[in-house]
Amino acid sequence: MFVRRNCAFLLSSSQRRKTVRTYAHSPDYITRDEILQQASTLQLAPMMDYTDRHFRHLIRLLSKQTLLYTEMVSANAVAHERHSHQTQYRHEHPHASEATVTQNYNVDYIATRFLTQGTAQEGPSVLQLGGSDPDLLYPAARAVSELSQRSEYHCDYTALNLNCGCPSPKVAGKGCFGAALMDDPALVRDLCQALYEGGQQQYPVTVKCRIGTDSKRSWKDDNDEAQYQELCHFIETVAAGGIVQDFTIHARIAVLTKSFSPADNRKIPPLKYHLIQRLVQDYPHLRFTLNGGIESIPQVQDQLSRMPGLRGVMVGRAFCADPWRFSCADALLYNNDTEVPHRWHVLQQYAQYADAQEQLYDATTIRRFLMKAVTGLFAGEPNSKKYRIALDEIAGLPKKGIHTPISELLLEAATKHLSEETLFRSPLESYEFQTQTQNKDLVREWQADRHATL
Ligand SMILES: Cc1cc2nc3c(=O)[nH]c(=O)nc-3n(C[C@H](O)[C@H](O)[C@H](O)COP(=O)(O)O)c2cc1C
C-alpha cells in the first residue's frame, strides 16, 4: 500500500538508541516533555476549521493549563513552501551558506498560513501534522524548528503530533494518510522518526489514532479481543521506534469506505472506552489519552477516576459548542486556583487581541476567523443567537469598507444582546448552573446548526 522511501535521515537501530538517549537527557527535551505531561489532563482536540490560533487564544484565556491542539496542518504543503522559499533565497544569494539560508529565507507565508501561534503566550500546545511521506514530514518539522528561532513569528509548540485518526476521504484517500496509516504501523514508526529528526530532536512526538480501522473487520464486528490485539500490534510497533510514548486514541473504529462521511465516523461506530482502559493497564510505561464523546468536566473526572494511569482526556465538539463549560478546568482538573474572570473580561481581552491581529493582517480576510472563534462563548444563554447574528454582520463589515475597530464592535454587540447577569457570572456560578441544567444539549444543537456536517 505504501512505497517506503530510503530516507537518508532514518537511522540504524544502534544510532536510534543513541538518539533516544540524547533526547532523553537534553534539558530542552525534558522541559517540553514535562510541559506536555503536566498539561495533558484536559486536551482541546485538533479540529479542522475550528482550533485555529484565534480559538486557541480564546481557550487560553479560559484555561492556562489545558493542552491545545492545532487543526491538522498538511506536511506536504509546509514542506513544499519551505522548499520553494529556500530555493528562491539561494537563487537571490548564490553564495549563501546553508545556515544563512535557514536563518533568512522568507517564512512569512508558512508562518501566517500554517504555523504561527496568535501570541507568544499560547502555552502548552501541540502542532498536528498530516502526511504519509517521511521525506515530507521531515522538512515540515524542520520548518517548525526553524520558525521557533524567529521569535517574531510566535511558533513555540510543546510537541508534534501525527494524525493517524482522521477518516475523511480527503485524508485517507489520496496519499493514504490519517486513519489509513493505522494499517501500516511500521510506516507510522518511520514517520514519527522523521518528525523527531526534522524537529531536530527538540520536540516530543505524539500520535493521535483510532482503536482501529475497518480494513480487517467491519465496525459492527463485536470481536473486541481480535480488535484489541490489532490495536496492541499498532501501539507496540510504533512505540518500539523509541520516539513515541504518548498516544491519544479516539475510542471508535475508523470506517474508511466512502459510504461513511467524517460526521458518520464520529458518531456511528460505537465508543469502546474499555479497550483504552486495557491499554492503560497493559502498557504502564506508555501514556494514553482518551478521546470521543466526552462533553463536560464531570465526565473528564469520571474517566480519570475509572482508569488510574490514564494520562488525560481530549475533548473536541463540546469545547467548540460551549467553551465556557470548561472555564473551571484549571481549578477542577489541575488544582490551580488562579481565578478565571467573568466573560465580559474575557471578551475584553479577546477584543484587544483581535485589534492587534487586524493590525498585523488584512481585516477583510482575518475578521471572519476572529469572529468565528467567539461565536460559542455565550452558547445556551438568553439571546445568544442574536449575539451570533451580530458577529456575522461584524465579520462582513471590512468588505463593505467599514473600518470601525473590531474591539468596539465586539463589545458593543455583547452589551446590546446579552444581560449583565450573563456577562458577569463567574465560571464557578456558571458551572453550578450548568450541572443543574444538563438537559440543554448544546453539543447536539451546535452540530445541527452546522447542517450535520460535524
Ligand atoms: C469539525 C471537525 C474537525 C476535525 N478535524 C480534525 C483534525 O484536523 N485532526 C484530527 O486528528 N481530528 C480531527 N477531528 C476529530 C476530533 O479531533 C475528535 O477526535 C473527534 O471529534 C472526537 O472527539 P469529540 O467526541 O470530543 O468531538 C475533527 C472533528 C471535527 C468535528
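Worth saying up front: this structure is predicted, and the values here are computed from it rather than measured.

Peer 1: Teacher, can you tell me more about the side chain of Arg-32 here?
Peer 2: Residue position: Arg-32 is located in helix H2 (residues 27-39). Assessed through its relative accessible area of 8%, Arg-32 is described here as buried. A polar contact of 3.2 Å, which involves the side chain of Arg-32, links it to the backbone oxygen of Gln-202. The residues contacting Arg-32, other than those within four sequence positions of it, are Asp-156, Tyr-157, Thr-158, Gln-202, Tyr-203 and Pro-204.

Peer 1: Honestly, the packing of aromatic side chains in this entry has me stumped. Any pointers?
Peer 2: Centre-to-centre distance and the angle between the planes together describe a pair of aromatic rings. Evaluated as defined, the whole model comprises seven aromatic pairs. Between Phe-319 and Phe-326 the ring centres are 4.3 Å apart and the planes differ by 25°, which places this aromatic pair in the stacked class. Taken individually, Phe-319 and Phe-326 each receive the classification buried, so the pair is uniform in this respect. Judged by centre distance (6.5 Å) and plane angle (50°), the ring pair of Trp-344 and Phe-424 falls under tilted. Of the two residues, Trp-344 is situated in helix H16 (residues 343-360) and Phe-424 in helix H20 (residues 420-424); the sequence distance between them amounts to 80 residues. The class for Trp-344 is buried, based on a relative accessible area of 16%. Given a relative accessible area of 41%, Phe-424 falls into the partly exposed group. Its guanidinium or amino end placed over the ring of Phe-369, Arg-368 lies 4.5 Å from that ring's centre, counting from NZ or CZ. Seen from the ring of Tyr-50, Lys-372 lies directly overhead, with NZ or CZ sitting 4.2 Å from the centre.

Peer 1: Would you explain the side chain of Lys-208 in this entry?
Peer 2: Counting through the fold element by element, Lys-208 comes out in strand E6 (residues 205-213). One buried charged side chain, Lys-208, makes no salt bridge at all; its nearest oppositely charged neighbour is Glu-71, positioned 13 Å away. Discounting chain neighbours no more than four positions away, the residues touching Lys-208 are Pro-46, Gln-128, Asn-161, Leu-162, Asn-163, Cys-164, Gly-165, Thr-248, Asn-291 and Met-314.

Peer 1: Is there a simple way to explain the nonpolar core in this structure?
Peer 2: Within soluble globular proteins, side chains that are nonpolar tend to cluster in buried spots. One finds Leu-115, Val-207, Phe-247, Phe-288, Tyr-350 and Tyr-387 to be the most contacted residues of the largest nonpolar core, which totals 129 residues. Counting contributing residues per domain, this core is built from domain 1 (13-333) and domain 2 (343-424), each supplying no fewer than three. Setting aside anything within four residues of it in sequence, one finds Tyr-350 in contact with His-54, His-57, Leu-58, Leu-61, Leu-370, Ala-373, Val-374 and Leu-410.

Peer 1: What's the story with helix H19 (residues 406-417) in this structure? I'm lost.
Peer 2: Every α-helix winds through 3.6 residues per turn, so residues three or four apart in the chain are directed the same way. If you check H19, its first and last C-alpha atoms are 17 Å apart, about what twelve residues at 1.5 Å a residue would give, namely 16 Å. Against the buried residues of H19 lie H16, helix H17 (363-373), helix H18 (384-396) and H20.

Peer 1: So what exactly am I meant to see when it comes to the site of the ligand here?
Peer 2: Close to the ligand lie 18 residues; Pro-46, Gln-128, Asn-291, Gly-293 and Arg-317 are nearest. The separation between an oxygen atom of the ligand and a polar main-chain atom of Gly-316 is 2.8 Å. Arg-317 is positioned such that a nitrogen or oxygen atom in its side chain is 2.7 Å from an oxygen atom of the ligand. Against a free-state accessible area of 610 Å², the protein chains account for coverage of 95% of the ligand. Classifying every residue of the shell around the ligand gives eight nonpolar, seven polar and three charged.

Peer 1: Explanation requested: the pairing of strand E5 (residues 159-164) in the structure shown.
Peer 2: Within a regular beta strand, the side chains point alternately toward one face of the sheet and then the other, so they alternate between its two faces. Across the six residues that make up E5, a large majority, six, are buried. In E5, alternate side chains face the same way, and those of Ala-159, Asn-161 and Asn-163 on one face and Leu-160, Leu-162 and Cys-164 on the other are all buried. Pairing analysis gives four bridges linking strand E4 (residues 125-130) to E5, with the strands arranged parallel. The partner of Leu-127 across the bridge, within E5, is Leu-160. In the classification by handedness, the crossover that spans E4, the intervening helix H7 (residues 134-148) and the parallel E5 is right-handed.

Peer 1: Before we go on, may I ask you to explain the environment of Thr-422 in this structure?
Peer 2: Tracing the sequence through the fold places Thr-422 in helix H20. In the structure, Thr-422 is positioned 78 residues away from Trp-344 in sequence and 8.7 Å away in space, judged by C-alpha atoms. A polar side-chain atom of Thr-422 sits 3.0 Å from a polar atom in the side chain of Ser-419.

About the thresholds
- Residues numbered from 1 in each chain as written.
- Predicted model: local features only at pLDDT ≥ 70, side-chain atom pairs only at ≥ 80, totals over all residues.
- Heavy atoms only, no water.
- Helix = DSSP H or I, 4+ residues; strand = E, 2+ residues; numbered from the N terminus.
- Buried < 20%, exposed > 50% of the residue type's maximum accessible area, 1.4 Å probe, protein only.
- Polar contact = N/O pair within 3.5 Å; in protein donor to acceptor, adjacent residues only side chain to side chain.
- Contact = heavy atoms within 4.5 Å.
- Phe/Tyr/Trp six-rings, centres within 6.5 Å; stacked < 30°, edge-to-face > 60°.
- Lys NZ or Arg CZ within 6 Å of the ring centre and 35° of its normal.
- Lys, Arg positive; Asp, Glu negative; His and termini not counted.
- Salt bridge = Lys/Arg side-chain N within 4 Å of Asp/Glu carboxyl O.
- Core = buried A, V, L, I, M, F, W, Y, C linked by side-chain atoms within 4.5 Å.
- Domains from an automatic or database assignment.
- Expected span 1.5 Å × (residues − 1).
- Near = heavy atom within 4 Å.
- Areas by Shrake-Rupley, 256 points an atom, 1.4 Å probe, with all protein chains shown as cover.
- Nonpolar A, V, L, I, M, F, W, Y, C, P; charged D, E, K, R; others polar.
- Pairing = 2+ DSSP bridges.
- Right-handed = clockwise from strand over helix to strand, strands pointing away.

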